[in-house]
Amino acid sequence: MIKLKNIEKVYRTSTIETLALNEINLEVGKGEFLSIMGPSGCGKSTLLNIMGLLDEPSKGEITVDNETISGFSDKKLAHFRNQKLGFIFQSYHLINDLPVLDNVELPLLYRSSSASERTQLATEALQKVGLSNRMKHYPTQLSGGQKQRVAIARAIVGRPEIILADEPTGNLDSAMGNEIMDILINLNKNDGTTIVMVTHDENMAKKTNRLVRLFDGTQVM
Ligand code: ADP
Ligand code: ADP
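Residues numbered from 1 in each chain as written. Chains lettered and ligands numbered in written order. Predicted model: local features only at pLDDT ≥ 70, side-chain atom pairs only at ≥ 80, totals over all residues. Heavy atoms only, no water.

### Observations regarding helix α1 (residues 44–51)
- A large share of α1 lies buried, amounting to 6 of its 8 residues.
- Of the positions making up α1, those classed as buried are K44, T46, L47, L48, I50 and M51. (Buried < 20%, exposed > 50% of the residue type's maximum accessible area, 1.4 Å probe, protein only. Helix = DSSP H or I, 4+ residues; strand = E, 2+ residues; numbered from the N terminus.)

The following block contains the structure:
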């Protein structure tokens, strides 16, 4: 599903060069639930952003769903990302002055769906995360766990094949974190969605199929 070959990422400013990822070779299979762990600054977010085609590697090749990404124009890349990938972040990234339902509809605005179709799909996504009773609320009126459930609904509304989650339980207590993990596990098991998750939490990582550890930009197992 996702193949990374000899990926290197260097961040350069006029004075500093940081080797954030060094010779990463990684294959994520269809239907896998992979977690990425490692100390702060080891390159986890950089790796996830590269897998999610949000950031470009300095060297190496990325293949997603058998398509080699390097030749893509920005427009094709944006379209591909919108069709195939769903994103979840630690800090939710919801739009506070839009109601929950409108937040969930956002990824569909780039598609040719009609307004009623968008509402239908967003309603279904909210049902899936158990939040159909909060559609007209605003994000500021929700708990952290509820906000993350809205973010998951937004990530799945376009039925992506792959979900990329950066510390999805990082701002939540363990009970709410476990609820979020249960939703992700269901998406993986029942819908066959491939998931790659960055986490600090061994207990969350244990619930996934496979663990990759990074240290200082290098894969250690
Ligand atoms: P993690 O997610 O594991 O905490 P990151 O991927 O955020 O690690 O960062 C990896 C390394 O790259 C760190 O040393 C960090 O300081 C550096 N880094 C990350 N983003 C940038 C950036 N935009 N510019 C320069 N250096 C960066
Ligand atoms: P934090 O760990 O500080 O909460 P996030 O995990 O929320 O950060 O975000 C990780 C990275 O993804 C950041 O570099 C951020 O700029 C980027 N990002 C966040 N939301 C989006 C988005 N909707 N689309 C593209 N990039 C995003």
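### Concerning the site of ligand 2
- With respect to spatial proximity, the complete set of residues near ligand 2 consists of N49, L54, F89, Q90, S91, H93 and D166.
- Here Q90 contributes a side-chain N or O atom positioned 3.2 Å from an oxygen atom of ligand 2.
- H93 is positioned with one of its side-chain polar atoms (N or O) 2.7 Å from an oxygen atom of ligand 2.
- Burial of ligand 2 by the protein chains amounts to 50% of its free accessible area of 560 Å².
- When its residues are assigned to classes, the shell around ligand 2 shows 2 nonpolar, 4 polar and 1 charged. (Near = heavy atom within 4 Å. Polar contact = N/O pair within 3.5 Å; in protein donor to acceptor, adjacent residues only side chain to side chain. Areas by Shrake-Rupley, 256 points an atom, 1.4 Å probe, with all protein chains shown as cover. Nonpolar A, V, L, I, M, F, W, Y, C, P; charged D, E, K, R; others polar.)

### Notes on the UniProt feature "domain: ABC transporter" (unreviewed entry) in the protein chain
- UniProt tags residues 2–220 as "domain: ABC transporter" (unreviewed entry).
- Taken as a whole, residues 2–220 contains 34% helix and 27% strand, while its terminal C-alpha atoms sit 19 Å from one another. (UniProt positions renumbered as here; feature names shortened; annotations may be inferred.)

### Some details on the sheet that holds strand β9 (residues 210–215)
- If you walk across this open sheet you meet the 6 strands as β6-β7-β8-β3-β9-β10, and the pairing is mixed. Edge positions in the sheet fall to β6 (85–89) and β10 (218–219), since each has one partner strand and no second.
- Sheet topology note: the β6/strand β7 (residues 162–166) ladder contains 5 bridges and is parallel. Looking across to β7, one finds that F87 is bridged to L164.
- Set on the sheet, helix α2 (residues 74–84) makes contact with β6 and β7; between it and β6 the angle comes to about 75°. (Pairing = 2+ DSSP bridges. Contact = heavy atoms within 4.5 Å. Axes fitted to C-alpha atoms, helices over the stretch in contact; angles between N-to-C directions.)

### Describing the environment of S116
- Within the secondary structure layout, S116 lies in helix α4 (residues 115–128).
- S116 sits in the exposed class, given a relative accessible area of 56%.
- Note: C-alpha distance between S116 and D166 (50 residues apart in sequence) is 31 Å.

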